[in-house]
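# Secondary and tertiary structure notes
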Amino acid sequence: MSDGDLPLGGLILDGLPPLKETLAAAGITARKSFGQHFLLDLNITRKIARLAGIAAGETVIEVGPGPGGLTRALLEAGARVVAVEKDARFVPLLEDLAAHAPGRLEVLNQDALSAALPAGAPVVANLPYNVGTPLLIGWLTGPQRPRSMTLMFQKEVADRIVAAPGSKTYGRLSVLSQALCEARIVMDLPARAFTPPPKVASAVVQLTPRAERPADEIVERLQALTAAAFGQRRKMLRSSLKPLGGEALCAVIGLDASQRAEDVTVAQYVKMAEALNAL
């Protein structure tokens, strides 16, 4: 089967050229300012769609679809896709794809950082490198509450998301991600899988929200705590957390205030966030 002949709900997407031809015909190249690296291998995008575990007919949010490689795979899997693309150059290409999948693809020419997106819908995306982290933090802490997130990042960012305490990569993103979700790397990709190849490898992270999510006010305090602690990560907690209670806050949960930010577990950060209003 060629990448222009994808089964869609038992049908075939006819008339779609290979993605490289689509880009060449449109005269489109990746823009560094948008952090663009295209994933054109449909064997890889199909695997990502499978890993996402999307149910037939389910609405899925995709951010930064570009020419639509992952979009085709999601449609093939039976999803209804809401594709958010800031770069207007890709809108005609995506609208052409939408014409081959009536009622299954909605294209939003908007900035995903400010777009109003369906609440609760899973997110599956090859995220633009320059906005991947703020997008993830927004989905983790904001009102959208995706059912799941299957997201491609630079490998170093993926490693930070799943990092354990005590490691050099453990930080604020690790704590927020793991406090609110089960997070794991499900796929590694070399730079050569992309067009143009980035200077770094990439990885797909799957995040599944925890059944017992901390209350919104606890999440807000957790953001403040991790910002303070990791903003001065080489300082002891008694110093870095001084504006939030410092030694007294640590004492409430039985934590040694001489420790540094990377020594504190995710569960301990959550306990500190819960104890903040007791001071």
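The structure this text deals with has already been given above.
Described below are features of the structure shown in this document. Keep in mind that this is a model prediction, so the values were computed, not measured. (Residues numbered from 1 in each chain as written. Predicted model: local features only at pLDDT ≥ 70, side-chain atom pairs only at ≥ 80, totals over all residues. Heavy atoms only, no water.)

In this section: the environment of T133. For T133, the location among the structural elements is in helix α5 (residues 132-141). On a C-alpha basis, the gap between T133 and A158 in space is 9.8 Å, while along the polypeptide they are 25 residues apart. (Helix = DSSP H or I, 4+ residues; strand = E, 2+ residues; numbered from the N terminus.)

As a further point, take the side chain of S148. By the secondary structure assignment, S148 is in the loop between α5 and β7 (149-154). With sequence-adjacent residues up to four places away left out, S148 is seen in contact with A52, P122, V123, L207 and P209. (Contact = heavy atoms within 4.5 Å.)

The final tally for this structure, using the stated rule, is 12 salt bridges. The closest approach of N and O atoms between R31 and D87, which form a salt bridge, is 3.7 Å. Of this pair, R31 sits in the loop between α1 (19-26) and α2 (42-52) while D87 is found in the loop between β4 (80-84) and α4 (91-99), placing the two residues 56 residues apart along the sequence. On the accessibility criterion, R31 (38% relative accessible area) is partly exposed. A salt bridge links D216 to R145, with the nearest nitrogen and oxygen atoms 2.6 Å apart. Taken together, the residues span a long stretch of sequence, with D216 in helix α8 (residues 216-231) and R145 in the loop between α5 and β7 at a distance of 71 residues. According to the relative accessible area criterion, D216 is partly exposed, its value standing at 43%. Taken together, the shared-partner salt bridges in this structure form one network comprising R31, D87 and R89. (Salt bridge = Lys/Arg side-chain N within 4 Å of Asp/Glu carboxyl O. Buried < 20%, exposed > 50% of the residue type's maximum accessible area, 1.4 Å probe, protein only.)

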